[in-house]
Amino acid sequence: SIEINWETIRLSLLGRLWKNMKIAEFLLYFVASAGTAAAFTATPSRSGTAALALPSFRHANSFGVSTRRRSSSSLFMQAVNGAAEKKTVIVLGGDGFCGWPTSLYLSDIGHDVVIVDNLSRRNIDNELGCSSLTPIQPPEVRVRAWKEVSGKEIKFVNLDVAKDYDLLVQLIKDVKPDSIVHFAEQRAAPYSMKTSKAKRYTVDNNVSGNNNLCCAVIDSEIDAHIVHLGTMGVYGYGSSGGEIPEGYIDVILPGGRESTILHPAYPGSVYHATKCLDALLYQFYNKNDEIRVTDLHQGIVWGTNTDQTIKDERLINRFDYDGDYGTVLNRFLMQGTMGVPLTVYGTGGQTRGFIHISDTARCIELAINNPPAKGDKVQILNQIAETRRVRDVAKLVADQTGVEMKMMPNPRQEAAENELVVSNKKFRDLGLDPITLDEGLFDEVQEVVKKYASRCDPTKILPASFWNKKRAEECASLDPESVKVTDPNAK
């Protein structure tokens, strides 16, 4: 164990917090920390330093739901590990489902943030004829609202990373970011398999955009640290025959030679294939030009709002419920709330990694605060909280809502059943205490659904993208017009 003078640390940390927090928040921390050793626990990390476990609080959000949330500020931990300096961060894709709450979070904890987005996800809404369940505001309204409620400014730049190369280079030169967070990729596997047009767009946008970013960092001569949101899907599911390591795997080559290589890629969609190509580009530019990269292999995101997005309705995050962009748990929660049988594909035996949207933002923060040094290899971390089998997740929601599960033909070309054991040791060593599937947080998502239930188009709930002709034929009996919803607000 490590002996720590808790009172000295507490007073030091509170002094730092005083400069960064509102008076009410400061008083809350002061009271919560008064118990010193009772309020904090310390465990030795791999580096031998102490990682602080922060107290959790319950509060009622703007929807009146009491939920468990960890403190919105990470300054306690930052002050201990010495990584609390203010940074300038460009967030590519900062208008999206993960990018927007992450941008607010980074701004909230003191970083200067510039959002870059070409609003392509909003254009895809128009293409699919299905909007976010929540009424998201234009980016100009969003950033203006954030300044009103927080006093902090986020700049918005409309720029296409995959096409506007010269503008991207100039932006990096002008802003001189410490870090560039890269969310600016078409993120939905089903959409990437929808049509030949969608497949080509996904490759053109994702791979060209990522290559442009690497080249722009080099040409700008700004040593910016790239933090890329990848996916667990680069590994495939259960293909290692054991615990999936974080990015690299130790192997024995012919002749008994030992080596460490990238984990073999096994993508399950065009979207996942582009993430594999991203990883290879990072390996090349890291070796050739010593760019600094952290690649985060993230699980399926669930949840909608964060401590920042609930401050004002104009800041609300998007909520996708359709068969193309809705993530599986959010789809289940929406369906259960509106009385729609839960759409479980195949046997539901697919095991997947999950992470709450709030933890996505926290992981980005940890990555920014712990960049690789110049000359270090690409840093790869698995960004998940836990793994669950899809039918087990569906049962959690079914038990809570009283809505039955409905097994249906699987539109995806994938194994009916798989095991998944994943290492997430690196983020835990950095201090992440992830949120796991919690029915209290389920309530929060369901309240969002109830509030905006009138915006739901039930014809968009069933899958509408199929991996191949055989899968399309097996799903031919699915009738989008047959889906009926009930008003969750009816007495």
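Everything that follows concerns the structure shown earlier in this document.
Residues numbered from 1 in each chain as written. Predicted model: local features only at pLDDT ≥ 70, side-chain atom pairs only at ≥ 80, totals over all residues. Heavy atoms only, no water.

Draft legend 1. Structural context of the side chain of Asn-205. Mapping Asn-205 onto the fold places it in helix α9 (residues 196-220). Setting aside its immediate chain neighbours within four residues, Asn-205 contacts Asp-160, Ala-162, Ala-184, Glu-185 and Gln-186. (Helix = DSSP H or I, 4+ residues; strand = E, 2+ residues; numbered from the N terminus. Contact = heavy atoms within 4.5 Å.)

Draft legend 2. Examining empty space enclosed by the protein more closely. Applying the stated rule across the entire model yields three cavities of 30 Å³ or more. Here the second largest cavity defines a volume of roughly 40 Å³. Looking at the second largest cavity, the residues that line it are Gly-303, Thr-304, Asn-305, His-356, Leu-441, Glu-444, Val-445 and Val-448. Per element, the largest residue contribution to the lining of the second largest cavity is four residues, and it comes from helix α15 (residues 439-451). (1 Å grid on protein atoms, 1.4 Å probe; cavity = no way out; pocket = protein on both sides within 12 Å on 5 of 7 lines; lining within 4 Å. Points joined across faces, edges and corners; volume = space filled by probe spheres on them.)

Draft legend 3. View of the environment of Leu-333. Take Leu-333: it is sitting in helix α11 (residues 328-337). Here Leu-333 falls in the buried class, since its relative accessible area comes to 0%. Through-space distance from the C-alpha of Leu-333 to that of Trp-302 is 9.7 Å; in sequence the pair is 31 residues apart. Contact partners of Leu-333, with chain neighbours within four places excluded, come to Val-397, Phe-442, Val-445 and Gln-446. (Buried < 20%, exposed > 50% of the residue type's maximum accessible area, 1.4 Å probe, protein only.)

Draft legend 4. Spotlight on the sheet that holds strand β17 (residues 386-389). Taken in spatial order, the three strands line up as β13-β15-β17 in an open sheet, and their pairing is mixed. Pairing within the sheet leaves two strands with one partner each, and these edge strands are β13 (300-302) and β17. Along the sheet, successive strands turn relative to each other by an average axial angle of 45°, direction set aside. In this structure, strand β15 (residues 351-356) lies alongside β17, joined through four bridges in antiparallel fashion. By the bridge assignment for β17, Gly-353 is matched with Thr-387. (Pairing = 2+ DSSP bridges. Axes fitted to C-alpha atoms, helices over the stretch in contact; angles between N-to-C directions.)

Draft legend 5. Focus on the sheet that holds strand β16 (residues 379-383). If you walk across this open sheet you meet the seven strands as β7-β6-β5-β8-β9-β12-β16, and the pairing is parallel. Each end of this open sheet is capped by a strand with a single partner; those strands are β7 (154-158) and β16. Adjacent strand axes in the sheet meet at a mean angle of 20°, parallel and antiparallel pairs treated alike. In the packing of helix α7 (residues 165-175) onto the sheet, contacts are made with β5 (88-92), β6 (112-117), β7 and β8 (179-182), and the angle to β5 comes to roughly 160°. Sheet contacts for helix α12 (residues 357-369): β5, β8, β9 (225-231), β12 (292-298) and β16; angle to β9, the most-contacted strand, approximately 145°.

Draft legend 6. Summary view of helix α4 (residues 99-108). Burial runs high along α4: 10 of the 10 residues are buried. Of the residues making up α4, those classed as buried are Gly-99, Trp-100, Pro-101, Thr-102, Ser-103, Leu-104, Tyr-105, Leu-106, Ser-107 and Asp-108. Against β5, β6, α6 (139-150), β7 and α12 lie the buried residues of α4. Trailing α4 by a residue or two, Gly-110 shows a phi angle of about 115°, which is positive.

Draft legend 7. Broad picture of the packing of α11 against helix α13 (residues 390-401). Running from N to C, α11 and α13 cross one another at 25°; their axes reach a closest spacing of 10 Å. Taken together, the axis directions place α11 and α13 in an arrangement best described as roughly parallel. The two elements α11 and α13 cross, and the hand of that crossing is right-handed. Across from Val-328, Leu-329, Phe-332, Leu-333, Gly-336 and Thr-337 in α11, the residues of α13 making contact are Val-390, Val-393, Ala-394, Val-397 and Thr-401. Of the residues belonging to the contact of α11 with α13, the class tally is eight nonpolar, three polar and no charged. (Parallel < 35°, antiparallel > 145°, perpendicular 65-115°, else oblique. Left-handed = near helix turned anticlockwise from the far one by under 90°. Nonpolar A, V, L, I, M, F, W, Y, C, P; charged D, E, K, R; others polar.)

Draft legend 8. Just the packing of aromatic side chains, in detail. In the structure shown here, the tally under the stated rule is three aromatic pairs. With centroids separated by 5.8 Å and ring planes inclined at 40°, the aromatic side chains of Tyr-191 and Tyr-325 adopt a geometry described as tilted. Taken together, the positions of Tyr-191 in helix α8 (residues 189-192) and Tyr-325 in the loop between β13 and α11 put the pair 134 residues apart, joining distant regions of the chain. Accessibility expressed as a relative area gives 3% for Tyr-325, which makes it buried. With 5.1 Å between their ring centres and 65° between their planes, Phe-284 and Tyr-285 make a pair best called edge-to-face. Phe-284 gets classed as partly exposed once you look at its relative accessible area, which sits at 38%. Its relative accessible area of 11% is what places Tyr-285 among the buried residues. Its guanidinium or amino end placed over the ring of Tyr-237, Arg-352 lies 3.7 Å from that ring's centre, counting from NZ or CZ. Sitting above the plane of the Tyr-248 ring, Lys-377 keeps its charged end 3.9 Å from the centroid. (Phe/Tyr/Trp six-rings, centres within 6.5 Å; stacked < 30°, edge-to-face > 60°. Lys NZ or Arg CZ within 6 Å of the ring centre and 35° of its normal.)

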